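Listed below are the residues making up each chain.
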Amino acid sequence: MKLLRHGPKGQEKPGMLDAGGRIRDLSAVAHDFAGDSVSLAALDKLRGLDPTSLPEVPGDTRIGACLASVPNFWCIGLNYAQHAAETGATPPKEPILFSKATSALAGPDDPVVIPKGSVKSDWEVELGVVIGARVDHVSEADALSVVAGYCTINDLSEREWQTERGGTWTKGKSAPGFGPCGPWLVTADEVPDPQKLGLWLSLNGEKVQDSDTSDMIFGVAEIVSYVSRFLTLLPGDVIATGTPQGVGMGMKPQRFLRPGDEIELEVQGLGRQHQKVVAYPG
Ligand code: ZN
């Protein structure tokens, strides 16, 4: 299933794509997608639906973040060898875990607002993993069985705030709108191998990131198992699994987002995002 949320910001309703790629409204039969409503059990209940029996939504309707809210927005840092190299870091021995504010969630095509005072806003295409069960100490062998689905994420990052202002990376990852997720939450049954997905990002039409999830240092199963040794993962938690090489911070000279820039990004099979970059208002 390709699940989504449609409608104006703050008033989104749950929906799904039918076989013809049309949006069908699920609001009469499903809760908005967040937390327990994306548990493995809740998703199983949706599988029996005949999408063509549901109301069709106009194709030009805004698509929101594929989750209404997330209990936790986890991220893995420096998880592609060539990206670690471009930042000058040594590849990590264990997954680098940090968090992004849950208020950073945004729709896939919402404008990206440069945060007030930012001079180093940057892009990061990533495979997002959505957890479908309350779990801790899950083995690597069982880890993929607790994944509800996958989505495209742009882990937007303010590099000065991330790396030059002390403390953890959270300050540089959490500005409003810095977490576009979607367009779809693609259920795990449609992604047989999360380590075989192409992913790319273009800036003003120039492809600056172009890689494959097979290049991850720590794969999805390893990440889910690893994180669950330190904390309880919850239904609806999102884990952004790291970005490949080609971010602005790694360019020579470095390049950061400016108002007027256009970003497009996609993870294979999970849908494409398109964002216009705008200045902070006022
Ligand atoms: Zn990232």
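Residues numbered from 1 in each chain as written. Predicted model: local features only at pLDDT ≥ 70, side-chain atom pairs only at ≥ 80, totals over all residues. Heavy atoms only, no water.

Enquirer: Quick question: what am I supposed to make of the overall build of the chain here?
Expert: Assigned secondary structure in the chain consists of five helices and 19 strands. Each of the three principal axes of the chain carries a C-alpha extent, and together these read 55 × 45 × 30 Å. Residue pairs at least 24 apart in sequence account for 75% of intrachain contacts in the chain once pairs closer than 6 positions are excluded. Just so you have it, the chain exposes about 11700 Å², and 52% of that area is on carbon and sulfur atoms. When the 26 positive and 36 negative side-chain charges of the chain are each reduced to one mean point, those points stand 5 Å apart. (Helix = DSSP H or I, 4+ residues; strand = E, 2+ residues; numbered from the N terminus. Contact = heavy atoms within 4.5 Å. Areas by Shrake-Rupley, 256 points an atom, 1.4 Å probe, with all protein chains shown as cover. Lys, Arg positive; Asp, Glu negative; His and termini not counted. Charge placed at Lys NZ, Arg CZ, Asp CG, Glu CD.)

Enquirer: Hey, could you run me through the coordination of the zinc ion in this one?
Expert: Ligation of the zinc ion by protein atoms is provided by Glu124 (OE), Glu126 (OE) and Asp155 (OD), these donors lying 1.9 to 2.1 Å from the ion. Mapped onto the sequence, the residues coordinating the zinc ion show the spacing E-x1-E-x28-D. Highlighted residues: Glu124 in the loop between β9 (121–122) and β10 (125–131) and Asp155 in the loop between β11 (147–154) and β12 (157–158), separated in sequence by 31 residues. Each of the two residues, Glu124 as well as Asp155, counts as buried. (Donors = N, O, S within 2.8 Å, 3.2 Å for Na, K, Ca; no water. Buried < 20%, exposed > 50% of the residue type's maximum accessible area, 1.4 Å probe, protein only.)

Enquirer: Sorry, what's going on with the nonpolar core here?
Expert: Soluble globular proteins tend to bury their nonpolar side chains together. In terms of nonpolar packing, the biggest core is built from 48 residues, with Val224, Leu233 and Ile239 touching the most fellow members. At the level of elements, β5 (73–77), β10, β11, β15 (198–203), α5 (220–227) and β18 (262–267) are the ones that each hand at least two residues to this core. Among the elements that line this core, the one with the most residues is α5, at six residues. If we ignore the near neighbours within four places in the chain, the residues touching Val224 are Val129, Ile131, Val138, Ala143, Val146, Val147, Leu233 and Ile239. Listed in part, the 26 residues of the second largest apolar core include Val38, Val70, Val130 and Ala148. (Core = buried A, V, L, I, M, F, W, Y, C linked by side-chain atoms within 4.5 Å.)

Enquirer: Please explain the sheet that holds strand β8 (residues 112–113) as it appears in this structure.
Expert: The pairing of strands in a sheet comes from backbone hydrogen bonds and takes either a parallel or an antiparallel form. With mixed pairing, five strands are arranged side by side in an open sheet as β8-β19-β18-β15-β16. One side of each edge strand has no neighbouring strand; the edge strands of this open sheet are β8 and β16 (206–212). (Pairing = 2+ DSSP bridges.)

Enquirer: Would you explain the pattern of salt bridges in this entry?
Expert: Note on pairing: side chains with opposite charge can pair once their charged atoms come close. Summed over all chains, the structure comprises 20 salt bridges. The closest approach of N and O atoms between Lys120 and Glu164, which form a salt bridge, is 2.7 Å. Of this pair, Lys120 sits in the loop between β8 and β9 while Glu164 is found in the loop between α4 (159–163) and β13 (179–180), placing the two residues 44 residues apart along the sequence. On the basis of relative accessible area, Glu164 is assigned to the partly exposed category, the value being 47%. Residues joined by salt bridges that share partners form a network here, namely Arg5, Lys9, Glu12, Asp32, Arg62 and Asp110. (Salt bridge = Lys/Arg side-chain N within 4 Å of Asp/Glu carboxyl O.)

Enquirer: Help me understand α5 in this model?
Expert: An α-helical turn contains 3.6 residues, so a residue and the one three or four places further along point in the same direction. Of all the eight residues making up α5, seven are buried; the element is thus mostly covered by neighbouring parts of the structure. Summarising the contacts, the buried residues of α5 are in contact with β5, β6 (96–100), β10, α3 (140–143), β11 and β17 (238–240).

Enquirer: What's the story with the environment of Val130 in this structure? I'm lost.
Expert: Along the chain, the position of Val130 falls in strand β10. The class for Val130 is buried, based on a relative accessible area of 0%. In this structure, the C-alpha to C-alpha distance between Val130 and Val70, residues 60 residues apart in sequence, is 9.3 Å. Ignoring anything within four residues of it in the chain, the contact list for Val130 reads Val38, Leu67, Val147, Ala148, Gly149, Cys151, Leu185, Gly236, Asp237 and Val238.

Enquirer: Which parts of the structure should I look at to understand the packing of aromatic side chains?
Expert: How two aromatic rings sit relative to each other is given by the distance of their centres and the angle of their planes. All told, the structure shown has two aromatic pairs when counted by the stated rule. Taken together, a centroid distance of 5.0 Å and an interplanar angle of 65° make the contact between Phe98 and Trp169 edge-to-face. Linking Phe98 in strand β6 with Trp169 in the loop between α4 and β13, this pair joins segments that are 71 residues apart in sequence. Here Tyr226 and Phe230 contribute two aromatic rings whose centre-to-centre distance is 4.9 Å and whose plane-to-plane angle is 55°, an arrangement assigned as tilted. Among the residues examined, Phe230 registers a relative accessible area of 56% and is labelled exposed. Positioned over the ring face of Phe73 is Lys100, at 6.0 Å from the centre of the ring. A cation over a ring is seen here: Lys207 above Trp200, with NZ or CZ 4.8 Å from the ring centre. (Phe/Tyr/Trp six-rings, centres within 6.5 Å; stacked < 30°, edge-to-face > 60°. Lys NZ or Arg CZ within 6 Å of the ring centre and 35° of its normal.)

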